[in-house]
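Secondary and tertiary structure notes
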Amino acid sequence: QVQLVESGGGLVQAGESLRLSCAASTGTFDRYAMAWFRQTPENERIFVAYITADGGKTYYADGAEGRFSISRDNAENTVSLQMDSLKPEDTGIYFCAARYYTGDYAYYRPREFVWWGQGTQVTVSS
């Protein structure tokens, strides 16, 4: 079983930045691809960013490309999401998710990820 705990959310104004972190409890973190999703008030989970198990490749949703950056530290069992130039539409609950996969395919559908954290709230005011 993989336990994931997100942190770093908060309330910011449009144009400001936040850095989210996700700590994983697993002995094989470098065997998991990781992703970030945003949950809307309608409880829809929308793909934000993805990183391969070895950190070699990343993938971003169109709205995140150029503003967000996903990274991981396999020695610390963490994955992060740096969010710059935040917009009100970025508001939501941010979840990290894990899939046991070491290839290069960029999974993006929520049902493709088995392990989820509890989420951290991000609110961007206009």
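A quick note: this is a predicted structure, and the numbers were derived from the prediction, not measured. (Residues numbered from 1 in each chain as written. Predicted model: local features only at pLDDT ≥ 70, side-chain atom pairs only at ≥ 80, totals over all residues. Heavy atoms only, no water.)

Looking now at the state of the cysteines. The tally for this structure, following the rule as stated, stands at one disulfide. Note on cysteine connectivity: Cys22 is disulfide-linked to Cys96, with sulfurs 1.9 Å apart. Classification of the bridge connecting Cys22 and Cys96 rests on its S-S torsion, roughly 50°, and on that basis the disulfide is right-handed. Of the two residues, Cys22 is situated in strand β3 (residues 18-25) and Cys96 in strand β9 (residues 92-100); the sequence distance between them amounts to 74 residues. Across the pair, Cys96 and Cys22 agree in class, each one buried. (Disulfide = S-S within 2.5 Å. Helix = DSSP H or I, 4+ residues; strand = E, 2+ residues; numbered from the N terminus. Buried < 20%, exposed > 50% of the residue type's maximum accessible area, 1.4 Å probe, protein only.)

Before going further, it helps to spend a moment on a nonpolar patch on the surface. A surface patch of nonpolar side chains, amounting to about 330 Å² of accessible area, comprises Tyr59, Tyr105 and Tyr108. Take Tyr59: it is sitting in strand β6 (residues 58-60). The class for Tyr59 is partly exposed, based on a relative accessible area of 40%. (Patch = residues over 30% accessible without salt bridge, like charges linked within 9 Å, V, L, I, M, F, W, Y side chains within 5 Å. Areas by Shrake-Rupley, 256 points an atom, 1.4 Å probe, with all protein chains shown as cover. Salt bridge = Lys/Arg side-chain N within 4 Å of Asp/Glu carboxyl O.)

Turning our eyes to something else, we now look at the environment of Tyr50. Structurally, Tyr50 can be placed in strand β5 (residues 45-51). On the basis of relative accessible area, Tyr50 is assigned to the buried category, the value being 1%. Separated by 56 residues in sequence, Tyr50 and Ala106 place their C-alpha atoms 6.7 Å apart. Setting aside anything within four residues of it in sequence, one finds Tyr50 in contact with Ala33, Met34, Ala35, Lys57, Thr58, Tyr59, Ile70, Tyr101, Tyr105, Ala106, Tyr107 and Phe113. Within the local environment of Tyr50, its side chain forms a polar contact with the backbone oxygen of Tyr105, the two atoms lying 2.8 Å apart. (Contact = heavy atoms within 4.5 Å. Polar contact = N/O pair within 3.5 Å; in protein donor to acceptor, adjacent residues only side chain to side chain.)

The next point concerns the nonpolar core. Formed by 27 residues in total, the largest nonpolar core has its most connected members in Met34, Trp36, Leu81, Met83 and Tyr94. For this core, the secondary structure elements donating two or more residues are β3, β4 (32-39), β5, β7 (68-73), β8 (78-83), β9 and β11 (120-125). The greatest single-element share of this core, amounting to four residues, is contributed by β3. Within the second largest apolar cluster, nine residues are counted, among which are Ala35, Phe37, Tyr50 and Phe113. (Core = buried A, V, L, I, M, F, W, Y, C linked by side-chain atoms within 4.5 Å.)

A few words on the sheet that holds β8. In spatial order, the strands read β1-β3-β8-β7; together these four strands make up an open sheet with antiparallel pairing. With partners counted over all chains shown, the strands left at the sheet margins are β1 (3-7) and β7, one partner each. Between one strand axis and the next, the sheet turns through 15° on average, direction left out of account. (Pairing = 2+ DSSP bridges. Axes fitted to C-alpha atoms, helices over the stretch in contact; angles between N-to-C directions.)

Right, let's talk about the environment of Arg38 for a bit. Relative to the helices and strands, Arg38 is located in strand β4. Between the C-alpha atom of Arg38 and that of Asp90, which follows or precedes it by 52 residues, the distance is 8.0 Å. Discounting chain neighbours no more than four positions away, the residues touching Arg38 are Glu44, Arg45, Ile46, Val48, Glu89, Asp90, Thr91, Gly92, Ile93 and Tyr94. Here the side chain of Arg38 touches Thr91 through a polar contact of 3.3 Å, landing on its backbone oxygen.

The values are spatial; any link to function lies outside them.
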